Amino acid sequence: MPLPFDIASLLGKRNAPLIGLDISASGVKLVELSKDASDTITLERCAIETLPRGAVVDGNIENIDQVTEAIRRVCKKSGTRARLAALGLPPAAVITKKIILPAGLSEEELEIQVETEANQYIPFALDEVSLDFDVIGAVPNSPEDVEVLLAASRKEKVEDRVAVGEGAGLKAVVMDIDSYAARAAIERLNALTPEGGQNRIIALFQIGAQITHVSILLNGQVLYEREQPFGGNQLTQEIVRTYGLSQDEAETKKKTGDLPEDYETSLLEPFLENAALEVTRAIQFFFTSTPYTRVDQIFLAGGCAAIPGLVETVAARTEVNTSVVSPFKGMQLGAGVREKQLRTDAPAYLVACGLALRRFDK
């Protein structure tokens, strides 16, 4: 998304400190990475700060002050001194479209062509949107054309995120899409596998508080993508209703497992079965709507991914190799990172990690 300042001049050199800041309904996640001369990445800092219920709803920032304060707290908690940030927008807030344009156009000519094409696909006046594009590359079998990815979002969606960052003393220099950031983190992990993960069909399930985002990928390309109205909040609400706890108490006890003896059989097991059913259903939709008939690997991400028993339940139902995403695999850990806590929280950092990787864009 174009922002009201020059990204390149702010970053100066490509290794200027940059934090990835993921703002979701459940909280704010921060990741800061660095890279040495041998291209080894170090996780310098990470932190999570919860948000009050209703501060962010359906990806929209409903309470600017509460989100700004949470960003201040997460920066302080992490110990970061970086003041440049990469933020993400929820996929539902962004319209993306691949278009074909003639090769060899200047930047100015490309902008004019993109705006002309955008009028066909964006149901808003162009002065109401932030518009950006990226040249993907030559069109196969048509060297005189290039494929261009067009992205547009309502200006207020972008401006709200810029505003909460600025209110906390940060400057937003990158505005990405959450699902694209997650895919960037997954592609790095896939590259660590034998043969660079080539020709493996990967299904990524990001299970958030209210929404599960599904992305199915092959060699870095998206084969299938959708959102399903399922998330960890369903389990939290059952805990609230069954045991008469407040929302905050239920969230805390859900993570610690400090609940009555019948919790596992009465609430947790039905939730795990529902989650596995949602995963199975999404994969079946993928099979019926594409030419593909297999999935080689399921990755679970988001705050719910680490719930005990989820991996095993999904693997048993789908009969597909299933694991919890560890976005920092293959990275060094900085002195300020608590490894024990990271093992629990790692899957929730997937989007923030992908955003933080933007520091190394060429």
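Residues numbered from 1 in each chain as written. Predicted model: local features only at pLDDT ≥ 70, side-chain atom pairs only at ≥ 80, totals over all residues. Heavy atoms only, no water.

A. The packing of aromatic side chains, seen in detail. As enumerated under the stated definition, the model contains five aromatic pairs in all. Ring centres of F230 and F271 lie 5.3 Å apart, and the angle between their planes is 20°; on these two criteria the pair is classed as stacked. Remark: F271 occurs in helix α8 (residues 263-289) and F230 occurs in the loop between β13 (221-228) and α6 (233-243); sequence separation between them is 41 residues. An identical accessibility class is assigned to F230 and F271; each is buried. Taken together, the aromatic side chains of Y224, F286, F287 and Y292 make up a single cluster linked through ring pairs. The ring of F124 has R154 sitting right over it, with the charged end atom 4.3 Å from the ring centre. Here R183 stacks its cationic end above the ring of Y180, 4.2 Å away from the centre of that ring. (Phe/Tyr/Trp six-rings, centres within 6.5 Å; stacked < 30°, edge-to-face > 60°. Helix = DSSP H or I, 4+ residues; strand = E, 2+ residues; numbered from the N terminus. Buried < 20%, exposed > 50% of the residue type's maximum accessible area, 1.4 Å probe, protein only. Lys NZ or Arg CZ within 6 Å of the ring centre and 35° of its normal.)

B. Structural context of the environment of F360. With respect to the helices, strands and loops of the structure, F360 is situated in the segment after α11 (350-356). Using a relative accessible area of 9% as the deciding quantity, one classes F360 as buried.

C. Spatial organisation of the environment of S34. For S34, the location among the structural elements is in strand β2 (residues 27-35). Residue S34 is classed as buried on the basis of its relative accessible area, which comes to 16%. In this structure, the C-alpha to C-alpha distance between S34 and G334, residues 300 residues apart in sequence, is 9.5 Å. The residues touching S34, leaving out its near neighbours within four places in the chain, are T40, I41, T42, E44, R359 and F360. Within the structure, S34 has its side chain in polar contact with the side chain of E44 (distance 2.6 Å). (Contact = heavy atoms within 4.5 Å. Polar contact = N/O pair within 3.5 Å; in protein donor to acceptor, adjacent residues only side chain to side chain.)

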